[in-house]
Each structure stands twice: as structure tokens, then as C-alpha cells.
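Understanding the architecture of this molecule
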Amino acid sequence: MPEYIPSPTEWVRKQVEQIEASGGKEGMELRGMRVVLVTNTGAKTGAIRKTPLMRVEVDGTYVLVASKGGAPEHPVWYHNLMAHPDVLVRDGEVERRMRVRLVTEPTERARLWTAAVAAYPPYAEYQTKTDRQIPVFAAEPV
């Protein structure tokens, strides 16, 4: 079994610990909005990583937005998902095995981006802060 490496960011580490300790009953919010916990595999380390992301769900598909707050580079977890698309998504007390794919088809991406911004309006501002197109992943049941 691969080793679990907690986030180096303290608030993320503490939130993940709260979610895990409560079985998803606690810690499933950030800035007053719901999150999902995405368990993924490190691209370089092969270790287990856990990332809370804003909850955006469209018809059974979770939309994972690699915004990093509008930073010029992708978040580390973007590279993890590109290398290892099989993930576990915890939505509250329910965990689902899912496979992610980077959404590149323009119409689908626009539809999912619109849903993401509706769920978490700061995404629109984040896009204005960076020259990169913020990646959007679709996480779908395996």
C-alpha cells in the first residue's frame, strides 16, 4: 500500500484530518461552501495525497477546477491527476471511485466552467489573474 503524505500546507492538513476523523461528517466546508475530498496519487512520489476542492457537481460528474487562486502555475494535484486519473472522491459521508479526464472539448468545458463559477464565483476572478487557461477535470464514476 502506498504511503500517505499529508499536505505541507497546515490548513489543508488540518481540514483533511477533520474530514477523515469524522468520516466526512465534519470539515466538508471551506469559506462557507461545500467541498469534496479527492484522494489521488502523487505524480512523482506515487504516494497517496488528499486534496479538498470546491464541490461542483453536474449530473453525477464532479468538476475539479485547477485554479490555484489564479496563480501562474497549475496546482501540484493537477500533475497528479494527469499522471494517475483514478481517484477516490468523498462527498460528505459517501466515497466513490472515479476516473478523471481533462476537459478540452470547448463546448463541454464552457458548460462545466459555467457550473463551476456558479458554484464558486471566485473562479471567474482567478481566471483574470492568470494567463493560463485554468484546467477543468471531469471526475466520473468508474
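About the thresholds
- Along each chain, residues carry numbers from 1 onward, in the same order as the chain's sequence is written.
- Where local features are concerned, this predicted model is filtered to residues with pLDDT of at least 70; where side-chain atom pairs are given and counted, the filter is 80 or more; whole-chain, interface and lining totals use all residues.
- Excluded from the side-chain calculations are hydrogens and water; all other atoms, namely the structure's heavy atoms, are used.
- Within this document, salt bridges are pairs made up of a side-chain nitrogen of Lys or Arg and a carboxyl oxygen of Asp or Glu, the two lying within 4 Å of each other.
- Between buried and exposed lies partly exposed: a residue is buried under 20% and exposed over 50% of the maximum accessible area for its type, with that area taken using a 1.4 Å probe on protein chains only.
- The helix count covers DSSP runs of H or I at least four residues long, the strand count covers runs of E at least two residues long, and both are numbered beginning at the N terminus.
- It only takes one pair of heavy atoms within 4.5 Å for two residues to be counted as in contact.
- The term polar contact refers here to a pair of N or O atoms within 3.5 Å; inside protein, the definition further demands a hydrogen-donor-capable atom paired with an acceptor-capable atom, and it admits residues adjacent in sequence only when both atoms are side-chain atoms.
- Take the buried Ala, Val, Leu, Ile, Met, Phe, Trp, Tyr and Cys residues and link them wherever side-chain atoms come within 4.5 Å; each set so joined is a nonpolar core.

**Considerations on the pattern of salt bridges**
Inspection of the entire model under this criterion finds 9 salt bridges. Across the pair Glu-73 and Lys-68 runs a salt bridge whose closest N-O atoms are separated by 2.6 Å. Judged by its relative accessible area of 40%, Lys-68 falls in the partly exposed class. One network of salt bridges, with partners in common, ties together Arg-34, Arg-55 and Asp-91.

**Quick word on the environment of Pro-8**
With respect to the helices and strands, Pro-8 occurs in the segment before helix H1 (10-22). The class for Pro-8 is exposed, based on a relative accessible area of 70%. Sequence spacing of Pro-8 and Thr-51 is 43 residues, and the spatial spacing of their C-alpha atoms is 11 Å. Among all residues touching Pro-8, those that are not within four sequence positions of it are Arg-13 and Arg-49.

**Digging into the side chain of Ser-7**
Tracing the chain through its elements places Ser-7 in the segment before H1. Here Thr-9 takes part through its backbone nitrogen, which lies 3.0 Å from a polar atom of the side chain of Ser-7. Those residues in contact with Ser-7 that lie beyond four places of it in its chain are Val-12, Arg-13 and Arg-49.

**Regarding the nonpolar core**
Counting residues in each nonpolar core, the largest one holds 17 residues, and the members touching the most others are Val-63, Val-65, Leu-112, Trp-113, Ala-116, Tyr-123 and Val-136. When contributions to this core are tallied by element, the ones reaching two or more residues are strand S5 (61-65), helix H3 (106-119), helix H4 (122-128) and strand S8 (136-141). By residue number, the principal contributor to this core is H3, which donates 4 residues. Residues within four places of Tyr-123 in sequence aside, it is in contact with Met-54, Val-65, Ser-67, Trp-113, Ala-116, Val-117 and Ile-134. Formed by 15 residues, the second largest nonpolar core is a distinct cluster that contains Tyr-62, Met-98, Val-100 and Ala-139.

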